[in-house]
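# Observations on the model geometry
Okay, here's what each chain looks like letter by letter:
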Protein chains: 2
Amino acid sequence: MDLISLAAAAKKASRSVRTLTNEIRSKVLREFAYGLVENADTIIEANALDLSEAEANGMSKAMLDRLMLNQSRIDQIAEGVLQVEQLEDPLNRVLEERVLASGVHLKKISSAIGVIGIIFESRPNVTADCAALCFKSGNTCVLKGGKESYRSCKAIVDVMKAALIKNDVTPDAVMLAEKPSHEETAEFMKCREYVDLLIPRGSSRLIQAVVQNAKVPVIETGAGICHTFVDESADFEMAKKIIINAKCSRPSVCNAMETLLVHEKIAGTFVPMIAEVMKEHGVLIYGNPETCKLVSEAREGNETNWATEYDDLIMNLVIVKDVNEAIDHIETYGTHHSDCIVTENEESKEAFFRGIDSACLYHNASTRFTDGFEFGLGAEIGISTQKLHARGPMGLRELTTYLYQIEGKGEIR
Amino acid sequence: MDLISLAAAAKKASRSVRTLTNEIRSKVLREFAYGLVENADTIIEANALDLSEAEANGMSKAMLDRLMLNQSRIDQIAEGVLQVEQLEDPLNRVLEERVLASGVHLKKISSAIGVIGIIFESRPNVTADCAALCFKSGNTCVLKGGKESYRSCKAIVDVMKAALIKNDVTPDAVMLAEKPSHEETAEFMKCREYVDLLIPRGSSRLIQAVVQNAKVPVIETGAGICHTFVDESADFEMAKKIIINAKCSRPSVCNAMETLLVHEKIAGTFVPMIAEVMKEHGVLIYGNPETCKLVSEAREGNETNWATEYDDLIMNLVIVKDVNEAIDHIETYGTHHSDCIVTENEESKEAFFRGIDSACLYHNASTRFTDGFEFGLGAEIGISTQKLHARGPMGLRELTTYLYQIEGKGEIR
């Protein structure tokens, strides 16, 4: 089936899936999880074919590792599905309720969005994560992964479809694209008739391609140029601990720090100290001229550096005049993801929180906390860096919309 | 200034406007309202020039009436601004608050979206409404109206800018496009760098043009093919009252009924009765074959009729087998705006509420209630017929987003 036909089928399926009880949705997800473990051999066989083809095509070792599935990874995927299953039902929550002046009774109720298109790269676990999150929130989904992981994704989706069928739910609730052409994918991204929302997951190149080509509403996720600003009054030990965590605990993720800003009044002592610590952690530093005067190993950075998401053991270290210059820097070069101020001064904190328009603002804590699990949302489908619909970590509730139910006794206007 | 430069200036202005206190925002809006009344003569003069030019260009009487401003209409516009001013501040509301497992304290707080682009046709009052709603919600706006109302809109925006300047707020908070070219408008709709949200207001042709050409997120508003289904067990008098109200009280608005669906079991008595009532109200009826057998004056309708928003004293009258066929009809031909069931049967109501995915579902009340004022939102900027971000009537809260503020004592992950 071509991608538009898959989307049309998912749209049709969404009419029944959005009304399934939480009990049935949970039952399907439990059987999906058990099925993954039971069918691990089949999935690993399919994955082996993907892997050998990818290797023959010259895929890098790092990418091959992302593509690879083994027993323990499949167990983890199943565990993730069970975690989603156990989350609170995001549907049919009464968000507001009131009697209007006219006498009618109004309820605002959470409901499914409809068809969610997920466009991702080669990690097959995304298939199971997204299928579980979309289904638990009453949505149907069309999954379009990279060609190189098709067999692995198909083996996973087959398990989900078996769980759906076993519970008398249409298997069209979860659709996997069958290696569509570039043109087919482009048409899919414009197909407002059948697709309600597109979520691209992966590199910023992928995300921008979707944003630029879609006519279906898109939620942009991921791009994170996160900052930490160390204010004049900061506790140096606390700042050091936060910076090491934000930069080094997992440099490849979007909530990792890319740029450290330091108040000029403390730069003379703090900057050489932190540069030494970063060197010990193998971090390469790009600085502004003031930094380079204090740190001999620092390379001279420029605007291109300040606007780069390194996703690696590389960082910018920029000395600024005060909190206002820090705010200007962040508003100019940041991606409105997660930004932190380390300070003991309440006024500086307030200026920072007021002046910066990012999804997550931190005071004296690592930006690495920007995460659905950490925020208590359960699993997350991504971290939104846009402002419409959802911002920051997106969990099940962010995969719902709402509608109004109005009950009367013959009222007219 | 070209439209992109206006948007860039609005973006810059949004950094300070989003942090203004509610007191200042209210003060500006009060002075805007008083200024409109004080400068009514100037506005009427500007409007007279627009009117004479439009008349010379052959504008229809109905359109000229929409364009026309007089003292009483300006008083109404000022009154509307004061109503917006008095609404609860939508910013800085604590939406959620909790201590996370890591010990950090998280607050989810409502905040401004940024720059809102409003694309509308020739009604100059939209200028004042949108300027007031955007400013009250901490957003800056770029208003692009029809060329034929430019002088009137400019006179209104000049009053707003004077009120801003008087309160030391940047006049760039409200920007009016200066008769931009088609190409300039197209570029504006793609300008994600400076524009956070586009709201088209007007005909469905205008709205679709924006949806199809924009890369900036759009909120679709307005298109309403609303249905009323009269079930087997309906109270006929109640149904009659609701139908007259839904169709005839203001046929040109989006929440007016376009299609009446009637259960076949009661069609024999109800359909001729309601057809007679509709005839008295001057309503032309398109029916399906079953209807045409019962109503001699009904014209034979088809799928094109079922999918038409008449905005006029014309309606479809379709006899259906049961509530499920009614649901199928609505899901097939509706626009997910507002749909009503008239029934005394709880099961039918539940099937209808479960089966229909519209912004507003009514039981025994007129669809005409779908409106920001009626819903208690205060003024509205439009009625969203899409599912992302906001659905149904959009008031001040729907013009905000949120961000997370996280405070710690040196916590790391």
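For the structure given in this document, a descriptive report is provided here.

## Notes on empty space enclosed by the protein
Scanning the model with the defined rule gives three cavities of 30 Å³ or more in all. For the largest cavity, the calculated volume is near 290 Å³. If you trace the largest cavity, you find 23 residues lining it, with V216, P217 and V218 of chain A together with P217 and V218 of chain B closest to the centre. Grouping the constituent residues of the lining of the largest cavity by class yields 15 nonpolar, four polar and four charged.

## Let's talk about the packing of helix α10 (residues 236–248) of chain B against helix α11 (residues 264–280) of chain B
All names here are of chain B. The contact between α10 and α11 brings their axes to 11 Å, and the two run at 40 degrees. By the angle between their axes, α10 is oblique relative to α11. Viewed along their axes, α10 and α11 form a crossing whose handedness is right-handed. In contact with F236, A239, K240, I243, I244, K247 and C248 of α10, α11 contributes I266, T269, F270, M273, I274, V277 and M278. For the contact of α10 with α11, the per-class residue count stands at eleven nonpolar, one polar and two charged.

## Some remarks on unusual backbone geometry
Despite not being glycine, H389 of chain A has its phi angle at roughly 70 degrees, a positive value. Even without being a glycine, N364 of chain B presents a positive backbone phi close to 55 degrees. Here N364 of chain B is to be found in strand β13 (residues 360–365). With a relative accessible area of 4%, N364 of chain B lands in the buried category.

## Focus on helix α15 (residues 346–355) of chain A
For α15 of chain A, every residue scored as buried is listed here: S348, K349, A351, F352, F353 and G355 of chain A. Where α15 of chain A starts, the residue carrying a side-chain oxygen 2.7 Å from the main-chain nitrogen of E347 of chain A turns out to be N345 of chain A.

## Concerning the pattern of salt bridges
Residues and elements named next belong to chain A. Inspection of every chain in the model, using the stated rule, returns 48 salt bridges over all chains. Put simply, R30 and E85 hold a salt bridge, and the shortest N to O gap is 3.3 Å. Within this pair, whereas R30 is found in helix α2 (residues 22–38), its partner E85 is found in helix α5 (residues 71–86), the two being separated by 55 residues in sequence. The exposure class assigned to E85 is buried, which follows from its relative accessible area of 9%. A salt bridge links R73 to D65; its shortest N-O distance comes to 3.1 Å.

## Quick word on the packing of aromatic side chains
The description of an aromatic ring pair rests on the distance of the ring centres and on the angle between the ring planes. Under the definition given, this model contains eight aromatic pairs over all chains. Where Y286 of chain A meets Y310 of chain A, the ring centres are 6.2 Å apart and the plane angle is 15 degrees; that geometry is what we call stacked. In this pair, Y286 of chain A is assigned in strand β9 (residues 284–287) and Y310 of chain A in the loop between α13 (303–306) and β11 (314–320), connecting sequence segments 24 residues apart. Note on Y286 of chain A: relative accessible area 16%, which makes it buried. We classify Y310 of chain A as buried; its relative accessible area is 14%. For the pair F236 of chain B and F270 of chain B, a centre-to-centre distance of 5.0 Å together with 70 degrees between the ring planes defines the contact as edge-to-face. Here F236 of chain B, found in helix α10, pairs with F270 of chain B, found in helix α11; they are 34 residues apart in sequence, far enough to count as distant. Among the aromatic residues, those joined into a ring-pair cluster are F375 of chain A together with Y402 and Y404 of chain B.

## Looking at the nonpolar core
In terms of nonpolar packing, the biggest core is built from 96 residues, with F32, L36, F135 and L143 of chain A touching the most fellow members. The greatest single-element share of this core, amounting to nine residues, is contributed by helix α7 (residues 150–166) of chain A. When near neighbours in sequence (up to four residues on either side) are disregarded, F32 of chain A contacts V81, A128, I156, V159, M160 and A163 of chain A. Residues L143, A173, C360 and A390 of chain B belong to the second largest nonpolar core, which totals 95 residues.

## Concerning the interface of chain B and chain A
Listed per partner, the contact involves 70 residues of chain B and 70 residues of chain A. Overall, the association of chain B and chain A removes approximately 6300 Å² of surface from exposure, summing both partners, and the carbon and sulfur fraction of that is 49%. Linking chain B to chain A there are 14 salt bridges. We note a salt bridge from R192 of chain A to E220 of chain B, for which the minimum N-O separation is 2.4 Å. Counting across the chain B and chain A interface gives 47 residue pairs in polar contact (both at pLDDT 80 or more). Secondary-structure elements contributing two or more residues to the side of chain B that touches chain A are β2 (105–112), α9 (204–213), α10, α14 (323–333), α15 (346–355), β13 and β16 (400–411) of chain B. Here the side of chain B that touches chain A gets eleven residues from one element, more than from any other, and that element is β16 of chain B. Taken together, the residues that form the side of chain B that touches chain A break down as 29 nonpolar, 17 polar and 24 charged.

## Focus on the relation of the copies chain B and chain A
Screw-axis analysis of chain B against chain A gives a translation of 0.0 Å along the axis, an RMSD of 0.0 Å, and a rotation angle of 180 degrees. In short, the pair behaves as if placed about a two-fold rotation axis. Taking C-alpha positions as reference, the residue of chain B nearest the rotation axis is H389 of chain B, located at 1.8 Å. Of all interface residues in chain B, 100% are interface residues in chain A too; the two copies therefore contact each other through one and the same surface.

Rules behind the numbers
- Residues numbered from 1 in each chain as written.
- Chains lettered and ligands numbered in written order.
- Predicted model: local features only at pLDDT ≥ 70, side-chain atom pairs only at ≥ 80, totals over all residues.
- Heavy atoms only, no water.
- 1 Å grid on protein atoms, 1.4 Å probe; cavity = no way out; pocket = protein on both sides within 12 Å on 5 of 7 lines; lining within 4 Å.
- Points joined across faces, edges and corners; volume = space filled by probe spheres on them.
- Nonpolar A, V, L, I, M, F, W, Y, C, P; charged D, E, K, R; others polar.
- Axes fitted to C-alpha atoms, helices over the stretch in contact; angles between N-to-C directions.
- Helix = DSSP H or I, 4+ residues; strand = E, 2+ residues; numbered from the N terminus.
- Parallel < 35°, antiparallel > 145°, perpendicular 65-115°, else oblique.
- Left-handed = near helix turned anticlockwise from the far one by under 90°.
- Contact = heavy atoms within 4.5 Å.
- Buried < 20%, exposed > 50% of the residue type's maximum accessible area, 1.4 Å probe, protein only.
- Polar contact = N/O pair within 3.5 Å; in protein donor to acceptor, adjacent residues only side chain to side chain.
- Salt bridge = Lys/Arg side-chain N within 4 Å of Asp/Glu carboxyl O.
- Phe/Tyr/Trp six-rings, centres within 6.5 Å; stacked < 30°, edge-to-face > 60°.
- Core = buried A, V, L, I, M, F, W, Y, C linked by side-chain atoms within 4.5 Å.
- Buried area = accessible area lost by both parts, 1.4 Å probe.
- Least-squares fit on C-alpha atoms with pLDDT ≥ 70 in both.

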